[in-house]
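Below are the chains, spelled out letter by letter.
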Amino acid sequence: MSTFEEREAAFEAKFAADEQKMFVARMRRNRFMAVWASAKKGETVEQARAFGRELIKKDLQEVGDDDVIEAVMSYLGDLTSEDVVRRKLDEMMAEAKYQMVQED
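Here the structure is a predicted model, which means the values were calculated and not measured. (Residues numbered from 1 in each chain as written. Predicted model: local features only at pLDDT ≥ 70, side-chain atom pairs only at ≥ 80, totals over all residues. Heavy atoms only, no water.)

How do you make sense of the overall build of the protein chain when you look at a structure like this?
Looking only at helices and strands, one finds four helices and zero strands in the protein chain. When its helices and strands are written in sequence order, the protein chain yields α-α-α-α. The globule rule puts the C-alpha radius of gyration for 104 residues at 13 Å, and the 17 Å found for the protein chain is more than 25% above it. With the C-alpha coordinates aligned to their principal axes, the bounding extent of the protein chain is approximately 60 × 25 × 20 Å. A sequence separation of at least 24 residues applies to 67% of the contacts in the protein chain between residues at least 6 apart. When the accessible surface of the protein chain is summed, it comes to about 7,200 Å², and 53% of that surface belongs to carbon and sulfur atoms. Taking the average location of the 17 positive side-chain charges in the protein chain and that of its 23 negative ones, the two points are 5 Å from each other. (Helix = DSSP H or I, 4+ residues; strand = E, 2+ residues; numbered from the N terminus. Rg over C-alpha atoms; globule rule 2.2 N^0.38 Å. Contact = heavy atoms within 4.5 Å. Areas by Shrake-Rupley, 256 points an atom, 1.4 Å probe, with all protein chains shown as cover. Lys, Arg positive; Asp, Glu negative; His and termini not counted. Charge placed at Lys NZ, Arg CZ, Asp CG, Glu CD.)

This is the structure we're talking about:
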């Protein structure tokens, strides 16, 4: 294998690993969002878990933040605004990434 091919293979492996980490961070973020939203509604842990599964499924069906934001907004109704949900989503992603770094 040539040096160029080795570099290309290494780049592809790093890209795949980075994508895997981002996927895990998004799923963790979605669970955090479910806990936050359920707590805002005064729900039980089991209800938070159920909503977390729903958010993860929704995110897997359509990659991107808009579907998650829409689901959380629908779940919370008048209890929050879209701006608050977007800020919370960013906070939860930062926390998910931080936890993953701490685990490595």
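There is more to say after this.
What's the story with the packing of aromatic side chains in this structure? I'm lost.
To describe a pair of aromatic rings, one takes the distance between the centres and the angle between the planes. Counting across every chain of the model gives one aromatic pair. Judged by centre distance (3.7 Å) and plane angle (5°), the rings of Phe51 and Tyr75 are stacked. Of the two residues, Phe51 sits in helix α2 (residues 45-61) while Tyr75 sits in helix α3 (residues 65-76), which places them 24 residues apart along the sequence. The pair formed by Phe51 and Tyr75 is uniform in burial state, with each residue classed as buried. The ring of Tyr75 carries the charged tip of Lys41 above its face, separated from the ring centre by 4.1 Å. (Phe/Tyr/Trp six-rings, centres within 6.5 Å; stacked < 30°, edge-to-face > 60°. Buried < 20%, exposed > 50% of the residue type's maximum accessible area, 1.4 Å probe, protein only. Lys NZ or Arg CZ within 6 Å of the ring centre and 35° of its normal.)

Explain a negative patch on the surface to me, please; I cannot follow it from the model alone.
There is a patch of like negative charges on the surface, built from Glu5, Glu6, Glu8 and Glu12. Looking at Glu6, the relative accessible area reads 43%, which means it is partly exposed. (Patch = residues over 30% accessible without salt bridge, like charges linked within 9 Å, V, L, I, M, F, W, Y side chains within 5 Å. Salt bridge = Lys/Arg side-chain N within 4 Å of Asp/Glu carboxyl O.)

Whenever I open this one, α2 confuses me. Can you help?
Each full turn of the α-helix corresponds to 3.6 residues, which orients residues three or four apart in the same direction. With 17 residues, α2 extends 24 Å from end C-alpha to end C-alpha; this agrees with the ideal 24 Å at 1.5 Å per step. Where the residues of α2 are buried, they touch α1 (3-41) and α3. (Expected span 1.5 Å × (residues − 1).)

Help me understand the pattern of salt bridges in this model?
Between side chains of opposite charge, a pair can form when the charged atoms approach closely. Taken as a whole and assessed by the stated rule, the structure comprises twelve salt bridges. A salt bridge links Glu82 to Arg86, with the shortest nitrogen-to-oxygen separation between them at 2.9 Å. Highlighted residues: Glu82 and Arg86, both in helix α4 (residues 82-103), separated by four residues, approximately one helical turn. Here the salt bridges share partners, and the residues they tie into one network are Arg26, Arg29, Asp59 and Asp65.

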